[in-house]
Amino acid sequence: MSVTESATAPAEPAVRRLTTARAMVEGIAQEMERDASVVVLGEDVAKYGGIFSSTAGLLDKFGPQRVIDTPISETAFIGLGIGAAVEGMRPVVELMFVDFFGVCMDQIYNHMAKIHFESGGNVRVPMVLMTATGGGYSDAEQHSQCLWGTFAHLPGMKVVVPSNPADAKGLMISAIRDDNPVVYMFHKGIMGLPWMAKNARSIAPVPPEPYETPIGKASIAREGSDATVVTVSLSVHHALDVADQMSAEHGVELEVIDLRSLVPLDREAVLASVAKTGRLLVVDEDYQSFGLSGEIAATVAETDPGMLRAPVRRVAVPDVPIPYARSLETAVLPTRERIMTAARELVRA
Amino acid sequence: MTDVRFPQLSQEQPDAEGVLATWFVADGDQVASGQLLGEVMVEKVSGEVLAPATGRVRLLVAEDQTARQGELIARVE
């Protein structure tokens, strides 16, 4: 929404707010304007604008040559994206739900992620694979998973997971400009879509000009001295809510670390915070075992377990599929209530 | 002074009620003609509210409040 018509137009409001979805689209659009090799493809990304509005308006702006609706074959169109990237384009390919990776994982982890290694570094695959993650709206087992731990586990891909509009735009621009394949995972609950669960933190100020948010750098979403909460994506919003409540009710100050990227992982940010607070809670909407929460705990244990004044706590999805029934789904997700209970136990408040 | 009305999203039901989902600007902000002011929703269809003129915006309907299509929701002064 830049004002460009004339000098008589008033300055934009000091703070321009956008939803996360609109911030992502703005990032893609600005890169498409700057670089003719950037194209967008996937199911329903053109006419429909992406089922979670991640590509809304791009077809009108850039036309069907650069914004392409594909048939329902994830293997085919992700392979198409890889081929285009190898030949020098910068495709942004949308996998509608991350849960659908099951039908196209060979293209992703054996080709997109490995061509650079297989070619001895001679062939680059500068593509973005963006995909919707997460639950909380009764979409059940095959449409509610996060699975970022799965992609972060497999070498060869960068993995970014924004939590707010400003980072969503900056990480999108960084992902498109990066010469490596980047998996860009957006939680449906942070998009600011009126028909999904709306939350206040998914509509926020976004700078209008293009800018990069560095991949591999965590941010301190809230400073605190009593315990560290390491988390990502929608759980950042919940953790911040809990931190505000604990501050008001118990005088306990939680530090909330928003990882923003899982690969590369900003271990230094985690270690610096835990060295300060001596207490660590990891909140992850992915499955608990063999994943992000264990990796964070291991990072501290391998470096200096002596910095911990209490055992590490984890709030994650127990190792079961995400249930359809709202009551059961709520029971497995890392809700504010579960985070609050764990945080209070951690600091004995 | 220019009226801003709730956009017509449902043609079949011209007086259908919707929700003022999001204001991207605050009451009293300076806005430019064509700037995105807000987002509305009827059933599960969402639509944009753009500024019809340049000036100071006055918001007349709060976020999450219901309004009928065509209803006055803001003014640009």
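Computed from a predicted model, the values in this text were never measured in an experiment.

J.: How would you sum up the overall build of chain A? Please name residues and give values.
T.: When helices and strands are counted, chain A shows 12 helices and 14 strands. For 349 residues, the compact-globule estimate of 2.2 N^0.38 gives 20 Å, and the C-alpha radius of gyration of chain A, at 20 Å, lies within 12% of that figure. When its C-alpha atoms are laid out on the principal axes, chain A stretches across 60 × 55 × 40 Å. Expressed as a percentage of its 349 residues, the buried residues of chain A come to 58%. Once local pairs closer than 6 in sequence are excluded, the contacts in chain A between residues at least 24 apart make up 81%. Surface accessibility of chain A: about 13,900 Å² in total, with carbon and sulfur atoms responsible for 54%.

J.: So what about the nonpolar core? Which residues, and what values?
T.: Residue and element names in this part refer to chain A. Among the nonpolar cores identified, the biggest contains 45 residues, and Ile78, Ile108, Met112, Phe151, Leu259 and Ile296 are the most heavily contacted of them. Element by element, the count of residues in this core is highest for helix H3 (residues 74-86), at 4 residues. The residues that make up this core include at least three from each of domain 1 (17-205) and domain 2 (219-348). With near-sequence residues (within four places) excluded, Leu259 lies in contact with Lys217, Ala218, Val230, Thr231, Val232, Leu265, Val270, Leu292 and Ile296. Ranked by size, the runner-up nonpolar core spans 35 residues in total, among them Val25, Ala46, Ala132 and Ala175.

J.: Which residues make up the confidence of the model for chain A, and what are the values?
T.: For chain A, the mean per-residue pLDDT works out to 94, and 96% of the residues sit at or above 70. This model gives residues 1-11 of chain A a pLDDT under 50, and the stretch forms 16 contacts once residues within four places in sequence are excluded.

J.: Residues and numbers for the pattern of salt bridges, please.
T.: Per the stated rule, a full pass over the model turns up 24 salt bridges over all chains. Among the salt bridges present, the one from A:Asp179 reaches A:Arg90, with a minimum N-O distance of 2.6 Å. Remark: A:Arg90 occurs in strand E4 (residues 90-97) and A:Asp179 occurs in the loop between helix H7 (165-177) and strand E7 (182-187); sequence separation between them is 89 residues. Here B:Arg58 and B:Glu77 are joined by a salt bridge, their closest N and O atoms 3.7 Å apart. Within this pair, whereas B:Arg58 is found in strand E6 (residues 55-59), its partner B:Glu77 is found in the segment after strand E8 (72-76), the two being separated by 19 residues in sequence. When its relative accessible area of 30% is taken as the criterion, B:Arg58 is described as partly exposed. The class of B:Glu77 is partly exposed, set by a relative accessible area of 46%.

J.: Give me the domain arrangement of chain A: which residues, what numbers.
T.: Residue and element names in this part refer to chain A. Splitting chain A by domain gives domain 1 (17-205) and domain 2 (219-348). Relative to domain 2, the C-alpha centre of domain 1 lies at a distance of 26 Å. At the interface, 31 residues of domain 1 touch 26 residues of domain 2. With both chains or domains summed, domain 1 and domain 2 bury close to 2,400 Å², and 53% of this area falls on carbon and sulfur atoms.

J.: Describe the packing of H3(A) against helix H4 (residues 105-112) of chain A, and please don't skip the residues or the numbers.
T.: All names here are of chain A. With their axes 8 Å apart at the nearest point, H3 and H4 run at an angle of 25° to one another. Compared by their axis directions, H3 and H4 come out roughly parallel. Contacts between H3 and H4 involve Thr75, Ile78, Gly79 and Ile82 from the first element and Gln107, Ile108, His111 and Met112 from the second. Considered class by class, the residues forming the contact of H3 with H4 number 4 nonpolar, 4 polar and no charged.

J.: I'd love a proper account of the interface of chain A and chain B, names of residues and values included.
T.: In this assembly, 15 residues from chain A lie in contact with 20 residues from chain B. Carbon and sulfur atoms supply 59% of the area buried between chain A and chain B, which totals about 1,500 Å² over both sides. Our enumeration of links across chain A and chain B arrives at 2 salt bridges. Here A:Arg22 ties to B:Glu39 by a salt bridge, and the two come within 3.0 Å at their closest N and O atoms. The interface formed by chain A and chain B includes 3 residue pairs in polar contact (both at pLDDT 80 or more). Of the residues forming the side of chain A that touches chain B, the biggest block, 3 residues, is contributed by strand E1 (residues 17-19) of chain A. Class assignment for the residues of the side of chain A that touches chain B results in 9 nonpolar, 2 polar and 4 charged.

Reading the values: rules and limits
Residues numbered from 1 in each chain as written. Chains lettered and ligands numbered in written order. Predicted model: local features only at pLDDT ≥ 70, side-chain atom pairs only at ≥ 80, totals over all residues. Heavy atoms only, no water. Helix = DSSP H or I, 4+ residues; strand = E, 2+ residues; numbered from the N terminus. Rg over C-alpha atoms; globule rule 2.2 N^0.38 Å. Buried < 20%, exposed > 50% of the residue type's maximum accessible area, 1.4 Å probe, protein only. Contact = heavy atoms within 4.5 Å. Areas by Shrake-Rupley, 256 points an atom, 1.4 Å probe, with all protein chains shown as cover. Core = buried A, V, L, I, M, F, W, Y, C linked by side-chain atoms within 4.5 Å. Domains from an automatic or database assignment. pLDDT = per-residue confidence, 0-100. Salt bridge = Lys/Arg side-chain N within 4 Å of Asp/Glu carboxyl O. Buried area = accessible area lost by both parts, 1.4 Å probe. Axes fitted to C-alpha atoms, helices over the stretch in contact; angles between N-to-C directions. Parallel < 35°, antiparallel > 145°, perpendicular 65-115°, else oblique. Nonpolar A, V, L, I, M, F, W, Y, C, P; charged D, E, K, R; others polar. Polar contact = N/O pair within 3.5 Å; in protein donor to acceptor, adjacent residues only side chain to side chain.

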